[in-house]
Amino acid sequence: MSYLCRSCREAAVRLSWKFPVCVPGVSQSKVLLNRSECGQRRRLHNLRACHRSQGSGNDRTQALSLTRGISVSSFALRSASDQSAQRPIAQTTIDEEEVNKFSELAELWWDEAGEFEALHSMNEIRVPFIRDALVSQRIQQGGNADFKAAAPLAGLQIVDVGSGGGILSEPLARLGAFVIGVDASEENIKIAQAHVMHEPKVARNVKYIQATVEDLVATEAGKFDAVVASEVVEHVADVATFVGACCQLVKPGGSIFMTTLNKTYLSYVLGVVGAENFLRLVSPGTHDWNKFISPQDLQYILDQNNFSTRLLHGMMYNPFTKRWSWMTNTSINYAIHAVRASDVPPDTSTSTQPDH
Amino acid sequence: MALSVFLRRCCVRGEQELRRHLCSAATARDSDNADIVIAGGGMVGASMACSLAYNDCFADKRIVLLESAPDKGDFKLPERYSNRTCALNPSTATLLSTFGAWQEIEQMRCQPVRRMQVWDSCSDSMIAFSQEDMTEPLAHIVENDVILGAIMRCLRKAPNKVDVRFQASAKAYHIPSVAEDGESTKHPFVRVELQDGQLLDTKLLIGADGAQSGVRSAAKLHSLSWSYRQSAVVATLKLADATDNTVAWQRFLPTGPIAFLPLSDEFSSLVWTTTPDEAKHLLQIPEESFVDAVNDAVWHDRDKNEFADKAIDAVTTFLQNIVPGGTAIRQLPPTVIGVEEKSRASFPLQLVHASHYVRPRVALIGDAAHRLHPLAGQGVNLGFGDVECLTQVLEQAVFSGSDLGSLNHLLTYETERQRHNLPVLATIDGLQRLYSTDFTPVVMLRSIGLSTVNSLTMLKKFIIQRASA
């Protein structure tokens, strides 16, 4: 039996950038049964509503108000003062079987030579990309340039949107940042949690929550030093809304980092047909070319949200060496770094900012 | 309202439980956690530990060094020279000086090699290497004990504390990516089971446990190996006249090369590669006979091949006309007058090369990854090269927030080192084969080749650069 309707499941897949193997697993697991059914149902309705609205666009406001029903304000950043808050990752019981199951799935996610090989190796360039930009930003803003070599991001708060199994969240946390991994799939969140627990030092710096970015905006707008959406934009239904929500989370002077695929013939041939059918880098059906976006369009959306682009790099994957490298040509994969204008006051009433 | 409060309590408790559960799964049976475990505290293993311990990046990492031998305390330089020595090349000296071990060695004792002469017993061909101005030594001859003593002394003073466990050897290694019979390990880290039953979990296991590496076999890393059917006889020799002893001598005999490596003005270290039977014989005969045998091996003309000599004469004369003054002058080796008491020993020689140096969470360094013939004195230098490369790779991993045991970074190490080690290994193995025969055409060809190389200064410079990099 499945609590997820077909469209919702697809939405979950698209939103969370997860591989199909996981999806059928959800329906049979004890996970859903163990949870409060009413909360579960409500959440699923919200997800569906959100999904529908992203498709049409007109119901957007209504959907957002629905999704806000499941607030996520109770995670570590905030004190648990909001009485109406219900934590989306609520777990009432833990059974060993379940933990084992997620540990096994975590192995799939974390097998560096497995399904997600390309994502693992992308860390080699995207982590330094984010690290260097944030460090130089901190120095430019007159921040403390005296940091430990092993933890250059200490004191920064980052949201990793579409965190999946935590492939990008963990390295950022290891560099000292406090990372909130956001993913719409409950299973991914559990996988990520199960994996990060093995390293208590890293686990202290990571919090995974099951939510959409839109959920976060309600309570956490303008609070983060950086928002990272790596390989996510090409999976969302409504890019403008998604990017807008991401942008709202960033504090003035903060950064947004995105990596995605360009909408070109070459990206169709190499990024979709080649990667899915011939090289088998990702499972078939992972990418929908129609959802790809050109850097110009993305820059335009960021511009509308008061973000100025700092860096735009092309990325190239060599299937033989299995390594990513930077290039000037952005016609297949690209990475973008934009900074929010610092003179504009934040949209929300929140004025307290972490001091650093 | 009440429901949501209840739910939150539940979720907090739930998460605590999950945490506890996972922690207990990880720390079952009181296992200890480490970031890096180095198996084997020999020269290469200890310098790996030192190299990490003097690097800021690893300041908050827990490093454990496992050594099966007991703690000998601070190293005291003995009067007598040890029979086991190494020729350390300049880049090894640079690596050791990054953590102060080279300075310690210089304070204790080491002998520079300013000239190297290699010649053939079957012909008059020879080759000599020397740095142009004789200021920069080609290598330094250092006793193994002195190298290890210096490194251990530095390790004790290191800013990042390394947990050195003496008399600790592993009973078993459980490596996550290696399927074990009957039991599938779902544990994400490498688990080291020590002899005393203690468990040690680590993100990265570095195997520096020698040619018979336990880590290599536990990780099921395939290795290529063959025995040379030769043994190396080592001893400390006393030379006839106290001179400026800074030349390394090596003569190729059909049974294997014999080498004198300078230790001081009056002592040299002998490395004599020969058949196992002769090696056994050499260890048993009285000291006077042994000295005679050594002198005979360096001086005798029994293997001389007339054809080869004539060919060389022609080639040398020809080359002299093209590149005048190219050929180095032949020097005469010193005469041995005695051997240090009980300094004779022998060990078998073999070639070992692991097809892969890494696996997720496992890396091999030094002899565990490659062991080669001592004829060029490159073995330990390759091991120190591994240390330098692996340190850089791990430093990069820390900078990019990567897991220390991540295969991505380890593969960089493997590629870089194999690209360097394999040609060296192949060259040395080839030389060994080339010189282990007295078949006339081969002798002629190799003699002409050696004489030609000897007269080409540019090529010799290149060889020196390769051997010292």
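Values in this document were obtained by computation on a predicted structure and should not be read as measured data. The written sequence of each chain sets the order in which its residues are numbered from 1. Lettering of chains starts at A and numbering of ligands starts at 1, both following the order in which they are written. Predicted model: local features are reported for residues with pLDDT of at least 70 only, side-chain atom pairs are reported and counted for 80 or more only, and whole-chain, interface and lining totals are derived from all residues.

Novice: Sorry, what's going on with the overall build of chain B here?
Specialist: In terms of helices and strands, chain B carries 13 helices and 20 strands. Burial in this document is a count-based property: other C-beta atoms within 10 Å of a residue's C-beta are tallied, and the residue is buried at 20 or more, exposed at 12 or fewer, or partly exposed in between, with C-beta positions derived from the backbone. Counting every position in chain B, which comprises 469 residues, the buried fraction comes to 47%. Nonlocal contacts in chain B, meaning residues at least 24 apart in sequence, comprise 78% of its contacts between residues at least 6 apart. Going along the chain from the N terminus, every DSSP run of H or I of four or more residues is numbered as a helix, and every run of E of two or more is numbered as a strand. Remark: residues whose backbone-derived C-beta atoms lie within 7 Å of one another are considered to be in contact.

Novice: Can you walk me through the overall build of chain A in this structure?
Specialist: Each helix and strand in chain A was counted, giving 14 helices and eight strands. Split into buried and exposed, the 356 residues of chain A put 49% on the buried side.

Novice: I tried to follow the nonpolar core on my own but got confused; where do I start?
Specialist: If you look at soluble globular proteins, the nonpolar side chains tend to sit buried side by side. By size, the foremost hydrophobic cluster in this structure holds 118 residues, and its most contacted members are B:Ala49, B:Ile151, B:Ala363 and B:Ile365. Setting aside residues no more than four positions away along its own chain, B:Ala363 makes contact with B:Leu204, B:Ile206, B:Tyr357, B:Val358, B:Leu390, B:Leu410 and B:Tyr413. To define a nonpolar core, we join buried Ala, Val, Leu, Ile, Met, Phe, Trp, Tyr and Cys residues through C-beta atoms within 7 Å and take the resulting set. Core analysis: the next-biggest nonpolar cluster, separate from the first, contains 81 residues, A:Phe129, A:Ala194, A:Ile256 and A:Ile293 among them.

Novice: Before we go on, may I ask you to explain the environment of B:Asp209 in this structure?
Specialist: Residue and element names in this part refer to chain B. Mapped onto the secondary structure, Asp209 falls in the loop between β11 (199-207) and α6 (214-218). Classification of Asp209 as buried rests on a count of 27 C-beta atoms within 10 Å. On a C-alpha basis, the gap between Asp209 and Gly45 in space is 7.6 Å, while along the polypeptide they are 164 residues apart. In this view, Asp209 contacts Ala39, Gly40, Gly214, Val215 and Ala368; residues no more than four positions away in its chain are not counted.

Novice: Hey, could you run me through the environment of B:Val315 in this one?
Specialist: Residues and elements named next belong to chain B. Within the secondary structure, Val315 is located in helix α9 (residues 306-322). Given 18 C-beta atoms within 10 Å, Val315 falls into the partly exposed group. Separated by 189 residues in sequence, Val315 and Met126 place their C-alpha atoms 13 Å apart. Among all residues touching Val315, those that are not within four sequence positions of it are Ile448, Ser451 and Thr452.

Novice: How do you make sense of helix α12 (residues 440-455) of chain B when you look at a structure like this?
Specialist: In an α-helix there are 3.6 residues to a turn, and that puts residues three or four apart on one side. Look at α12(B): 23 Å from first C-alpha to last across 16 residues, which is about the 22 Å you get at 1.5 Å a residue. Residues B:Val443, B:Met444, B:Arg446, B:Ser447, B:Leu450, B:Ser451, B:Thr452, B:Asn454 and B:Ser455 constitute the buried set of α12(B). By definition here, a helix of n residues has an expected span of 1.5 Å times n minus one.

Novice: Explanation requested: the UniProt feature "binding site: S-adenosyl-L-methionine" (unreviewed entry) in chain A in the structure shown.
Specialist: Residue and element names in this part refer to chain A. UniProt positions are given in the numbering used here, feature names are shortened, and annotations may be inferred rather than shown by experiment. Following the UniProt record, the feature "binding site: S-adenosyl-L-methionine" (unreviewed entry) maps to Arg126, Gly162, Asp183 and Ser230 here. With respect to the helices, strands and loops of the structure, Asp183 is situated in strand β2 (residues 178-183). C-beta crowding within 10 Å serves as the criterion here: with 30 such atoms nearby, Asp183 is assigned to the buried category. Topologically, Ser230 is positioned in strand β4 (residues 224-230). Taking the C-beta count within 10 Å as the criterion, Ser230 has 25 such neighbours and is therefore assigned buried.

Novice: Before we go on, may I ask you to explain the UniProt feature "binding site: Mg(2+)" (unreviewed entry) in chain A in this structure?
Specialist: All names here are of chain A. Look at the UniProt record and you will see "binding site: Mg(2+)" (unreviewed entry) annotated at Glu231, Glu234 and His235. Looking at the secondary structure, you find Glu234 in the loop between β4 and α12 (239-249). Those residues in contact with Glu234 that sit more than four places away from it in its chain are Thr260, Leu261, His287, Lys291 and Phe292. Summarising the element assignment, His235 is placed in the loop between β4 and α12.

Novice: Would you explain the confidence of the model for chain A in this entry?
Specialist: For any part of a model where pLDDT is low, the fine detail of the predicted coordinates should not be relied upon. Residue and element names in this part refer to chain A. Of the residues in chain A, 67% have a pLDDT of 70 or more, and the chain-wide mean is 73. Every residue gets a pLDDT, meaning the predictor's confidence in that residue, from 0 to 100. For chain A, the element scoring lowest by mean pLDDT is helix α3 (residues 30-34), at 31; strand β1 (residues 157-161) scores highest, at 95. Every residue in residues 1-94 is under pLDDT 50, and counting partners more than four places away or in other chains gives 156 contacts. Within the model, pLDDT remains below 50 along residues 344-356, and this stretch shows 18 contacts once partners closer than five positions in the same chain are excluded.

Novice: Looking at this structure, how should I read the confidence of the model for chain B?
Specialist: Residue and element names in this part refer to chain B. Within chain B, residue pLDDT values average 86, and 89% of them lie at 70 or more. The least confident element of chain B is helix α1 (residues 2-26), whose mean pLDDT is 46; the most confident is strand β19 (residues 362-364), at 96. In the model, residues 9-14 has pLDDT below 50 throughout and makes 11 contacts with residues more than four positions away in sequence or in other chains. Taken as a whole, residues 16-29 scores under 50 in pLDDT and shows 14 contacts with residues more than four places along the chain or in a different chain. Overall fold confidence for the complex sits at a pTM of 0.80, while the interface term, ipTM, reaches 0.78.

Novice: Is there a simple way to think about the pairing of strand β6 (residues 307-318) of chain A in this case?
Specialist: The side chains of a regular strand alternate, first on one face of the sheet and then on the other. Residues and elements named next belong to chain A. Note: β6 against strand β8 (residues 333-340), eight bridges, orientation antiparallel. Residue pairing for β8: Phe307 is matched across the bridge by Arg340. Here, strands pair whenever DSSP counts at least two bridges between them. The pairing of β6 with strand β7 (residues 323-327) spans five bridges and is classified as antiparallel. Looking across to β7, one finds that Met315 is bridged to Trp326. Counting the residues between successive antiparallel strands, the hairpin from β6 to β7 contains four residues, one of them, Lys322, with a positive phi of roughly 60°.

Novice: Whenever I open this one, the packing of helix α10 (residues 379-399) of chain B against helix α11 (residues 407-434) of chain B confuses me. Can you help?
Specialist: Relative placement of two packed helices is described by the angle separating their axes and the distance separating the axes. All names here are of chain B. Helix axes are fitted only over the stretch in contact, all axes being lines through C-alpha atoms; the angle between N-to-C directions runs from 0 to 180 degrees. Where α10 contacts α11, the axes come no closer than 9 Å and their chain directions differ by 160°. If you check the angle between α10 and α11, you find them roughly antiparallel. In this structure, the crossing between α10 and α11 has a hand that is right-handed. Residues Leu382, Gly385, Asp386, Cys389, Leu390, Val393, Gln396 and Ala397 of α10 form the contact with α11, whose participating residues are His409, Thr412, Tyr413, Glu416, Arg417, His420, Asn421 and Val424. Under the scheme applied, nonpolar residues are Ala, Val, Leu, Ile, Met, Phe, Trp, Tyr, Cys and Pro; charged residues are Asp, Glu, Lys and Arg; polar residues are all the others, including Gly. Within the contact of α10 with α11, the residues separate by chemical class into seven nonpolar, six polar and three charged. An angle counts as roughly parallel when it lies under 35 degrees, as roughly antiparallel when it exceeds 145, as roughly perpendicular when it falls between 65 and 115, and as oblique in every other case. Handedness of a crossing is defined here by the sense of rotation of the near helix relative to the far one, left-handed for an anticlockwise turn of less than a right angle and right-handed for a clockwise turn.

Novice: Which parts of the structure should I look at to understand the environment of B:Leu431?
Specialist: On the secondary structure map, B:Leu431 appears in helix α11. Since 17 C-beta atoms lie within 10 Å of it, B:Leu431 is described here as partly exposed.

Novice: Help me understand the sheet that holds strand β7 (residues 139-143) of chain B, please; the structure alone is not making it clear to me.
Specialist: The strands that make up a sheet pair up through hydrogen bonds in the backbone, lying either parallel or antiparallel. All names here are of chain B. Spatial strand order, β3-β7-β4: three strands in an open sheet with antiparallel pairing. Of all strands in the sheet, those with a lone pairing partner are β3 (85-88) and β4 (111-113), marking the two edges. Along the sheet, successive strands turn relative to each other by an average axial angle of 30°, direction set aside. Against the sheet, helix α5 (residues 144-156) contacts β3 and β7, and its axis sits at roughly 85° relative to β7.

Novice: Would you mind going over the sheet that holds β8(A) with me for this structure?
Specialist: Residue and element names in this part refer to chain A. In space, the eight strands of this open sheet follow the order β3-β2-β1-β4-β5-β8-β6-β7, with mixed pairing throughout. If you trace the sheet from one side to the other, it starts and ends with β3 (206-210) and β7, each paired once. The mean inter-strand angle of the sheet, taken between neighbouring strand axes irrespective of direction, is 20°. When β4 meets strand β5 (residues 250-261), the two strands line up parallel, connected through six bridges. Residue pairing across strands places Ala226 opposite Ser255, the latter belonging to β5.

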